[in-house]
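Observations on the three-dimensional arrangement
Below, each chain spelled out in residue letters.
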Amino acid sequence: MTVGTEYSSGVIGRAGRVERPEPRLRSAEFRLAGAALPVVSPARMYVCGITPYDVTHLGHAATFVWADAAQAVLRSIGVHTVSCRNVTDVDDVLTAAADAHGRHYDEHAVYQEFLFEQDMAALRVARPTHTPRARHFVPQVRQLAAALLATGHAYQRDGSVYFRGRGAVAAAGLSGDLAVELSAEFGDAPEDPAREDPFDVPVWRPSTDRDPAWPSPWGWGRPGWHAECAAMSMATLGAGVDVLIGGQDLVFPHHAYQAALVQAASGVAPFARRAMHVGAVHYQGRKMAKSTGNLVLISDLLRSCPPAAVRMLLLNRPWGSGWEYHEADLEAASADLEALYVAAGRPNRSAGAAEAVTAALLNDLDVPAAVAVARQEGGDAARGLVSVLALS
Ligand SMILES: [Zn+2]
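Residues numbered from 1 in each chain as written. Predicted model: local features only at pLDDT ≥ 70, side-chain atom pairs only at ≥ 80, totals over all residues. Heavy atoms only, no water.

With 18 residues, helix H3 (residues 105-122) should cover 26 Å at 1.5 Å per step; its first-to-last C-alpha distance of 26 Å lies within 8% of that length. Taken together, the buried positions of H3 are occupied by Tyr105, His108, Ala109, Gln112, Glu113, Phe116, Glu117, Asp119 and Met120. With its buried residues spanning 165° around the axis, H3 presents them on a single face. Considering only its buried residues, H3 is in contact with strand S3 (43-50), helix H1 (58-76), strand S4 (81-87), helix H2 (92-100) and helix H9 (298-304). A positive phi of about 60° marks arginine 124, the residue just after H3. (Helix = DSSP H or I, 4+ residues; strand = E, 2+ residues; numbered from the N terminus. Expected span 1.5 Å × (residues − 1). Buried < 20%, exposed > 50% of the residue type's maximum accessible area, 1.4 Å probe, protein only. Arc of directions from axis to C-beta. Contact = heavy atoms within 4.5 Å.)

Taken together, the protein ligands of the zinc ion are Cys48 (SG), Cys229 (SG) and His254 (NE2), with distances of 1.9 to 2.1 Å. Relative accessible area serves as the criterion here: at 4%, cysteine 48 is assigned to the buried category. (Donors = N, O, S within 2.8 Å, 3.2 Å for Na, K, Ca; no water.)

Going through the model one piece at a time under the given rule, you end up with 6 aromatic pairs. Plain terms: the ring middles of phenylalanine 186 and tryptophan 225 are 6.4 Å apart, the flat faces sit at 25° to each other, and that makes the pair stacked. Remark: tryptophan 225 occurs in helix H7 (residues 225-237) and phenylalanine 186 occurs in the loop between helix H6 (176-185) and strand S7 (201-206); sequence separation between them is 39 residues. The class for phenylalanine 186 is partly exposed, based on a relative accessible area of 23%. By relative accessible area, which is 19% here, tryptophan 225 ends up buried. Both rings, one in phenylalanine 252 and one in tyrosine 257, keep their centres 5.7 Å apart while their planes meet at 50°; by these two values the pair is tilted. Side by side, phenylalanine 252 and tyrosine 257 carry an identical accessibility label, which is buried. The ring of phenylalanine 64 has arginine 85 sitting right over it, with the charged end atom 5.6 Å from the ring centre. One residue, arginine 317, lies across the ring of tryptophan 323, its end atom 3.6 Å from the ring centre. (Phe/Tyr/Trp six-rings, centres within 6.5 Å; stacked < 30°, edge-to-face > 60°. Lys NZ or Arg CZ within 6 Å of the ring centre and 35° of its normal.)

A few words on the UniProt feature "domain: tRNA synthetases class I catalytic" (unreviewed entry) in the protein chain. With numbering aligned to this structure, UniProt lists the feature "domain: tRNA synthetases class I catalytic" (unreviewed entry) at residues 44-333. What you have in residues 44-333 is 44% helix and 18% strand, and the ends, taken at the C-alpha atoms, are 31 Å apart. (UniProt positions renumbered as here; feature names shortened; annotations may be inferred.)

A word on the sheet that holds strand S10 (residues 272-278). The strand order across the open sheet formed by 4 strands is S4-S3-S9-S10, and the pairing between neighbours is parallel. Each edge of the open sheet carries a strand with a single partner, namely S4 and S10. Each strand axis lies, on average, 20° off the axis of its neighbour in the sheet, ignoring direction. Where S3 and strand S9 (residues 241-247) come together, 3 bridges link them in parallel fashion. The partner of valine 47 across the bridge, within S9, is isoleucine 245. Set on the sheet, H1 makes contact with S3, S4, S9 and S10; between it and S3 the angle comes to about 165°. (Pairing = 2+ DSSP bridges. Axes fitted to C-alpha atoms, helices over the stretch in contact; angles between N-to-C directions.)

Right, here's the structure in full:
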């Protein structure tokens, strides 16, 4: 008698089939961002990663812990996941930060990436399948630029290759003024006179003496930010992904242009079946950001509390909503975690409670509902939740 595994062609044997219950195909129940997202293994997840120029704060961690949780929930129902979390190690802010520290940009990026990896490991964020660094994907960016030129989606001007971006703005449903404002905020220089249209973005651009540079048919230069993520996602996950994950501030321009670039080059649309943009963390009344200096560092938090409490703080809330961090929130999260552990030590109160926890998680990753069921029911329901969300 040979019992079929999940990968074999079935159960074969002279004595007939092994009696076992039909598996429930719970992957069809998965909902994300308000709508059903039935997935087929492997679920492809692209997580917009860090630009390694400074320390990791609570706002970054929220995105990566949620990305980790989304994959863990899928794995808990037997869906295999393949994930990519890039490192944007070719970027003007990195070059400037390295200059300020008197370091070569390579050295600065490697050091900051090491610190980030330490924080992620401490927070029990599983290592993604792929962690591409932009500098290793310059050939793919050149290919992307050539493909866009060949199909008329891009044009060459003064050592740059510009992608025609008006369609990306239209797809995002933004007014022209707002699109220009957001593009300027994120360093896209829409006022650049070499562009035919302020909505066009560089796939390739020339380097000054201070910038890293690679040869190309258009001269020495470097990739544009959106093109880096477009090339890295195509190279690691193919022309489409199931879930595109990042912070709320990446909706436009970054993810809108990443999607438009991939779709134009591949002919496959949509690039992402669903987007999961994690709400921003505010502190002292403003969005937590390096530029404003109102940071809560992961390394500081972990000096005084266990990583599971930080995960509980980040996950026990709706993932898409912004929120304000107060020190007392961490104590509350620790108390919630303790209550969950106490519940995990109790016997099961009723049959099917573990299923109810899974159902809550599949329903748009509703962790607060899952925690409520787990605390009330205890036993397997609470132990299962602690395990899936890595809260131990
Ligand atoms: Zn990105």
